[in-house]
Amino acid sequence: RLLKVVHVAPQLFLSTLVPALKIDSDKLTRWHPEFDLNGLELPPSADLPKPPASSRLLSANEMLQQIDSNKALPPPGMSKALEKNLERVLTEKKEVDKKREDQLKDLNPALVARIRAKEAKRVAQEMTRDPEKDKELAMVERLEPIVRCLRVLYVSAGKGSMLLSDVTQDIATNPRITMAQPSVDQHVRLLVKICPTWLTLVNLRKKEYLKLNRNLDTNIVLDAIKTKENQLLS
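Residues numbered from 1 in each chain as written. Predicted model: local features only at pLDDT ≥ 70, side-chain atom pairs only at ≥ 80, totals over all residues. Heavy atoms only, no water.

1. So, the sheet that holds strand β3 (residues 207-212)
Backbone hydrogen bonds hold the strands of a sheet together, and the pairing may be parallel or antiparallel. Taken together, three strands build an open sheet; the order of strands is β1-β3-β2 and the sheet is antiparallel. With partners counted over all chains shown, the strands left at the sheet margins are β1 (161-163) and β2 (199-204), one partner each. For this sheet, the mean angle separating the axes of adjacent strands, direction not counted, is 30 degrees. Where β2 meets β3, six bridges bridge the pair, whose relative direction is antiparallel. From the neighbouring strand, Asn203 faces β3, where its bridge partner is Glu208. Here helix α7 (residues 164-172) sits on the sheet and contacts β1, β2 and β3; the angle it forms with β1, its principal contact strand, is near 80 degrees. Across the sheet, helix α8 (residues 181-194) is in contact with β2 and β3; its angle to β2 comes to roughly 110 degrees. (Pairing = 2+ DSSP bridges. Helix = DSSP H or I, 4+ residues; strand = E, 2+ residues; numbered from the N terminus. Axes fitted to C-alpha atoms, helices over the stretch in contact; angles between N-to-C directions. Contact = heavy atoms within 4.5 Å.)

2. Re unusual backbone geometry
When glycine is set aside, most residues are seen to have a negative phi, and most peptide bonds are trans. Of note, Arg205 is a non-glycine position whose phi angle comes to about 55 degrees, a positive value. Here Arg205 lies in the loop between β2 and β3. Overall, Arg205 belongs to the exposed group, its relative accessible area being 79%. (Buried < 20%, exposed > 50% of the residue type's maximum accessible area, 1.4 Å probe, protein only.)

3. Quick word on helix α5 (residues 131-140)
Side chains three or four residues apart in an α-helix point the same way, a direct result of the helix having 3.6 residues per turn. Inspection of α5 places Asp134, Leu137, Met139 and Val140 among the buried residues, and these make up the whole buried set. Buried residues belonging to α5 abut α6 (143-157), α8 and α9 (218-233).

4. Section: the pairing of β3
Every other side chain in a regular strand lies on the same face of the sheet, so the side chains alternate between the two faces. Examined bridge by bridge, β1 and β3 share three bridges and lie antiparallel to one another. What sits directly across from Leu163, in β3, is Tyr209. In sequence, β2 turns back onto β3 through a hairpin of two residues, with Arg205 there showing a positive phi of about 55 degrees.

5. Here we look at the pattern of salt bridges
With the rule as written, the count across this model stands at four salt bridges. In this structure, Glu136 and Lys228 form a salt bridge, with 3.5 Å as the shortest nitrogen-oxygen distance. Placement of the pair is Glu136 in helix α5 and Lys228 in helix α9, with a sequence separation of 92 residues. Using a relative accessible area of 25% as the deciding quantity, one classes Glu136 as partly exposed. You can call Lys228 partly exposed: its relative accessible area is 22%. Several salt bridges converge on common partners, so that one network encompasses Asp185, Arg189 and Glu208. (Salt bridge = Lys/Arg side-chain N within 4 Å of Asp/Glu carboxyl O.)

6. Notes on the nonpolar core
Residues Leu150, Leu191, Trp198, Leu210 and Ile225 are the most contacted members of the largest nonpolar core, which totals 32 residues. If you list the elements that add at least two residues to this core, you get α5, α6, α7, α8, β3 and α9. Ranked by residues supplied to this core, first place goes to α6 with seven residues. Residues contacting Trp198, with those up to four places away along its chain left out, are Val147, Leu150, Leu191, Lys211, Leu212, Asn213, Leu216 and Val221. (Core = buried A, V, L, I, M, F, W, Y, C linked by side-chain atoms within 4.5 Å.)

What follows is the structure, encoded as structure tokens:
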């Protein structure tokens, strides 16, 4: 019930957008960037329900029946708080929409419609994107300086293969890389997945070695990273 109450105001806000956004509440992973979450009033507090006076243990069927019987509308105090929040959201939305319409009235309506549709699609994707994808995207965006450090390290050492622990330690101490060795290790392993023709992990005598193909153009590696970034953004 509380989750349903929480989603009422955001869903109403999405319905007032031009064009309106229709997103299932269970697919939302973040709020719309223009939704004023901090401006909403909290629903009134209530006492926790008291335990039943009976000492008899309830069967599973009896517990399910009690749960079903409690699926009612929010209590009166909560309903009033919801109505007040919804009224404020609608009022503020109308004011913002009026200002936007005044700014766009001299533009081509077809162009405005295309811009709005494109922006609505972008926002909908952001609101439903998997948090794990966001984490991976943040890592991908940090790979370019690591690529350049790896290239310099292997060329200057004149080697095609080095201990992975030595490589990650060297990169972690580089002033251009602001992350600890364990984090560098995670990023290097991600690089191996993104561009296996450039980097390869080899296990030898219970130790991990990182092989780098010095004959491969670095721009090809950077293009592979960019392709992966676009995939995560789509």
